[in-house]
Amino acid sequence: MEKPFLSPTSSQPTSAEKGSSAPEFLTVEEAAALLRVNLKTLYESIRLGQVPGVLHLSRSIRIRRVVLLRWMPGHSGPALGEKR
């Protein structure tokens, strides 16, 4: 199944995103797969506050899919997992 694309410069979801059955919130494992990064790297980046759209629910972490797709990892400061 093809993943919907959300333009980083757009504040509105594309038509593909609107009609998508993709979940609104992702687990850390799903987000790591979407970003194609190591799971430990993503957990460390979340701990350092580098990842937007993160929700801490008791002992669970969820990440808003739309926010993650709009985020441009290469333009936000240090690489994922690097300390500032």
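Relevant structure appears above.
Since we're looking at a predicted model, the values are computed, not measured.

A.B. asks: Even after reading the chapter, I still don't get the pattern of salt bridges, so can you show me in this structure?
C.D. replies: Proximity of charged atoms lets side chains of opposite charge pair with each other. In total, this model carries two salt bridges according to the counting rule given. Residue Arg64 pairs with Glu24 through a salt bridge whose shortest N-O separation is 3.2 Å. Of the two residues, Arg64 sits in strand S3 (residues 60-64) while Glu24 sits in the loop between helix H1 (15-18) and strand S1 (25-26), which places them 40 residues apart along the sequence. As a salt-bridge pair, Arg47 and Glu44 come within 2.7 Å of each other at their nearest N and O atoms. Of this pair, Arg47 and Glu44 both sit in helix H3 (residues 39-47), three residues apart, which is roughly one turn of the helix. Here Arg47 falls in the exposed class, since its relative accessible area comes to 55%.

A.B. asks: Would you explain the packing of helix H2 (residues 28-35) against H3 in this entry?
C.D. replies: Following both chains from N to C, one finds H2 and H3 inclined at 110 degrees, their axes separated by 9 Å at the closest point. What the angle tells us is that H2 and H3 run roughly perpendicular. When H2 is examined against H3, the residues Val28, Glu29, Ala31, Ala32 and Leu35 are found in contact with a partner set consisting of Leu39, Leu42, Tyr43 and Ile46. Taken together, the residues of the contact of H2 with H3 sort by class into eight nonpolar, no polar and one charged.

A.B. asks: Looking at this structure, I do not really get a nonpolar patch on the surface. What am I missing?
C.D. replies: Together, Phe25, Leu55 and Leu57 give the surface a local cluster of nonpolar side chains, amounting to about 240 Å² of exposed area. Positionally, Leu55 belongs in strand S2 (residues 54-57). The partly exposed category is assigned to Leu55, whose relative accessible area is 34%.

A.B. asks: What am I meant to see in the sheet that holds S2 here?
C.D. replies: Within a beta sheet, neighbouring strands are joined by backbone hydrogen bonds and run either parallel or antiparallel to one another. Pairing in this open sheet of three strands is antiparallel, and the strands run S1-S3-S2 from one edge to the other. Each edge of the open sheet carries a strand with a single partner, namely S1 and S2. Bridging between S1 and S3 involves two bridges; their strand directions are antiparallel. Residue pairing for S3: Leu26 is matched across the bridge by Ile63. Packed onto the sheet, H3 meets S2 and S3 and runs at close to 85 degrees relative to S3.

Calculation notes
- Numbering of residues starts from 1 in each chain and follows the order in which that chain's sequence is written.
- Predicted model: local features are reported for residues with pLDDT of at least 70 only, side-chain atom pairs are reported and counted for 80 or more only, and whole-chain, interface and lining totals are derived from all residues.
- Remark: hydrogens and water are excluded; side-chain values derive from all non-hydrogen atoms of the structure.
- Whenever Lys or Arg places a side-chain nitrogen within 4 Å of a carboxyl oxygen from Asp or Glu, that contact is recorded as a salt bridge.
- A run of H or I in DSSP counts as a helix once it spans at least four residues, and a run of E counts as a strand once it spans at least two, with each numbered from the N terminus.
- The classification of residues rests on relative accessible area computed with a 1.4 Å probe and restricted to protein chains. Under 20% of the type maximum is buried, over 50% is exposed, and intermediate values are partly exposed.
- Axis lines are fitted through C-alpha atoms, for helices just across the contact stretch, and the angle between N-to-C directions can take any value from 0 to 180 degrees.
- Each angle gets one of four labels, with under 35 degrees taken as roughly parallel, over 145 as roughly antiparallel, 65 to 115 as roughly perpendicular, and the rest as oblique.
- Every residue pair with non-hydrogen atoms within 4.5 Å of one another is taken to be in contact.
- Classes in brief: Ala, Val, Leu, Ile, Met, Phe, Trp, Tyr, Cys and Pro nonpolar; Asp, Glu, Lys and Arg charged; the others, Gly included, polar.
- Residues enter patches when their relative accessible area tops 30% and they take part in no salt bridge; the joining distance is 9 Å for like charges and 5 Å for the nonpolar side chains Val, Leu, Ile, Met, Phe, Trp and Tyr.
- Under the convention used here, a 1.4 Å probe and the Shrake-Rupley method define accessible areas, while residue burial counts only the protein chains that appear.
- Pairing between strands is defined by DSSP: at least two bridges between the two strands are required.

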